[in-house]
Amino acid sequence: MLKKITAWVEDRMDLSTVRHLMLEKTVPKHRYTFFHLFGGAALFLFVIQIVTGILLLLYYKPTAGEAYKSVKFIITQVPFGWLIRSIHSWSANLMILAIFLHMFAKYFLKAYRKPRELTWISGFILLVLAMGFGFTGYLLPWNELAYFATRVGTESVGATPLIGHWLLQVFRGGEDVTGATLNRFFAIHVTVLPLVIIGILSIHLLLVQAQGMSKPIDVEEKGKIPFFPNFMLRDLMMWLGALIILLGLATFLPWELGRPVDTFASAPAGIKPEWYFLSMYQILKWMPAALAGIPGELIGIALINIGGALVLLVPFLDRKASREERSPWFTIFGILALVFLVAITVYAKLY
Amino acid sequence: MALSRRKFLNGLLGIFSLGGMAAVMSPVIQYLTPVKKQETAVSSVVAAKANELTPNTGKLFRFGSKPGILIMTPDGEYRAFSAICTHLGCTVQYSSEEQQIWCACHNGHYDLNGNVVSGPPPRPLEAYACFAKGSEIFVQRQKS
């Protein structure tokens, strides 16, 4: 039966690319092959995000008056609503963690080097989009923490030279964070970002398929693993691991809803953003009011953007790796960046 | 150098394309820019009842569409400020322990005159005038 269907389809279109992917695609086998699995885990968690996101949409109401109540209804009245919402929130965090792990793994394997520069750039854009998902989704329950996080986040955008104030208004839908902001964030979260991310993700995956997986410089290759089914089964094991962790977290540490927004209340003590924004938060916190006449927050935001630009441009900065030569300075820089990122995140969380 | 007909037409096409894009983008950008709402300018409000605050305490009040903070200093004097932190716009609160105005978002501290004591805020809080009238404490915008 399957053969008949395949033959019917093949009569109408060329399936050689699919057949090549299924039967002939291989993955280089070496001692770091494991590090290729984080991207698949991120993709798996993204699929979970889409499914749970659609389920949440059935009950969620994106207005200032109803948003908090509707999320409360989901987690208290709808059968398994608490689980769906908890999975959505935890999966978002795990997805961003998986993307970070994927990025650092690829960085240390120097997988960004020629000819995979575009794969790296599209991957970086995906990380930024995933963080955008986190930022816009965070506001949707319309709770106290989300309200102030959005005020700070959008105010930071307002520090952009020349178009800052206009951008702030466009994001907020006015001068302040109000129901209009919630409407805009909802639209961005459920329509704009998914469309953009699926486009960029398609390019990213197409590049991975077209170019295959990179082999680290100077690492002994111990042959090839067929992608299907051998590597796919390893991917599945990774997905299973991610699913077990996700379900464990969602079940035993259900995501809290917090208190509803009161636009005339003070920011509560101990208010902090999600862990993946903590490094930026801490940098902004450390900035003095002004430095050489330049506002501190502008310097902080500029530093964050410069850091991002450096990561984006790594394939073009690391010339040695592009010539298939070892580039130990970039490895050292990566280790320092990773240590700094972890240390500043832990510090911001604790103090 | 003579301009070939092809180059001329390509240039013209480029200009028309840019014009077309501008014609599409302009209404989109204007649509995205929020409509300015007419807000009644509030010049003074009742911030608290006369017996509501005790020395070394504070409360938030609505000043139009923005929050304000009214403080009774340890000496029993009333002071009022905008409650919007000048750093990144969080709402501040009064810390009785430190006898300072504090922003929880990035740990900005202001003294009882609204001046920055520590942390990242770049400017003092906007100060309001306050006065007691009958059993109420009024706050009003200071004339610049």
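See above for the structure.
Everything numeric here is computed off the predicted structure, so don't read it as measured data.

### As for a nonpolar patch on the surface
Residues and elements named next belong to chain A.
Okay, so step 1: On the surface, Val47, Ile50, Val51, Ile54, Leu55, Leu58, Tyr59, Phe73 and Ile198 cluster together to form a nonpolar patch covering roughly 800 Å² of accessible area.
Okay, so step 2: Top element by residues in the nonpolar patch is helix H3 (residues 38-57). It accounts for five residues.
Okay, so step 3: Looking at where Val51 falls in the secondary structure, it is placed in helix H3.

### Regarding helix H7 (residues 144-158) of chain A
Residue and element names in this part refer to chain A.
Okay, so step 1: For H7, which comprises 15 residues, the first-to-last C-alpha distance of 21 Å matches the rise-based estimate of 21 Å (1.5 Å per residue) to within 8%.
Okay, so step 2: Burial analysis of H7 places eleven of its 15 residues in the buried class, which makes it a mostly covered element.
Okay, so step 3: Along H7, the residues classified as buried are Glu144, Ala146, Tyr147, Phe148, Ala149, Thr150, Arg151, Val152, Gly153, Thr154 and Ser156.
Okay, so step 4: Close packing links the buried residues of H7 with helix H6 (117-139), helix H8 (164-172), helix H9 (179-211), helix H11 (278-286) and helix H12 (296-312).

### Here we look at the sheet that holds strand E5 (residues 93-95) of chain B
All names here are of chain B.
Okay, so step 1: Here four strands make up an open sheet; going across it, the order is E5-E6-E7-E8 and the pairing antiparallel. Every other strand in the sheet has two partners, leaving E5 and strand E8 (116-118) as the edge strands with one partner each. Averaged over all adjacent pairs, the angle separating strand axes in this sheet is 40 degrees, with direction ignored.
Okay, so step 2: Sheet topology places strand E6 (residues 100-103) next to strand E7 (residues 108-110); three bridges connect them, and they run antiparallel. The residue bridging Cys103 from the neighbouring strand is Gly108, located in E7.

### Concerning the pairing of E6 of chain B
All names here are of chain B.
Okay, so step 1: In E6, alternate side chains face the same way, and those of Gln100 and Trp102 on one face and Ile101 and Cys103 on the other are all buried.
Okay, so step 2: Sheet analysis places E5 next to E6, joined by three bridges and oriented antiparallel. Counterpart to Gln93 in the pairing with E6 is Trp102.
Okay, so step 3: Here E5 hands over to E6 after four residues, with Gln99 in that stretch at a positive phi of 55 degrees.

About the thresholds
- Residues numbered from 1 in each chain as written.
- Chains lettered and ligands numbered in written order.
- Predicted model: local features only at pLDDT ≥ 70, side-chain atom pairs only at ≥ 80, totals over all residues.
- Heavy atoms only, no water.
- Patch = residues over 30% accessible without salt bridge, like charges linked within 9 Å, V, L, I, M, F, W, Y side chains within 5 Å.
- Areas by Shrake-Rupley, 256 points an atom, 1.4 Å probe, with all protein chains shown as cover.
- Salt bridge = Lys/Arg side-chain N within 4 Å of Asp/Glu carboxyl O.
- Helix = DSSP H or I, 4+ residues; strand = E, 2+ residues; numbered from the N terminus.
- Expected span 1.5 Å × (residues − 1).
- Buried < 20%, exposed > 50% of the residue type's maximum accessible area, 1.4 Å probe, protein only.
- Contact = heavy atoms within 4.5 Å.
- Pairing = 2+ DSSP bridges.
- Axes fitted to C-alpha atoms, helices over the stretch in contact; angles between N-to-C directions.

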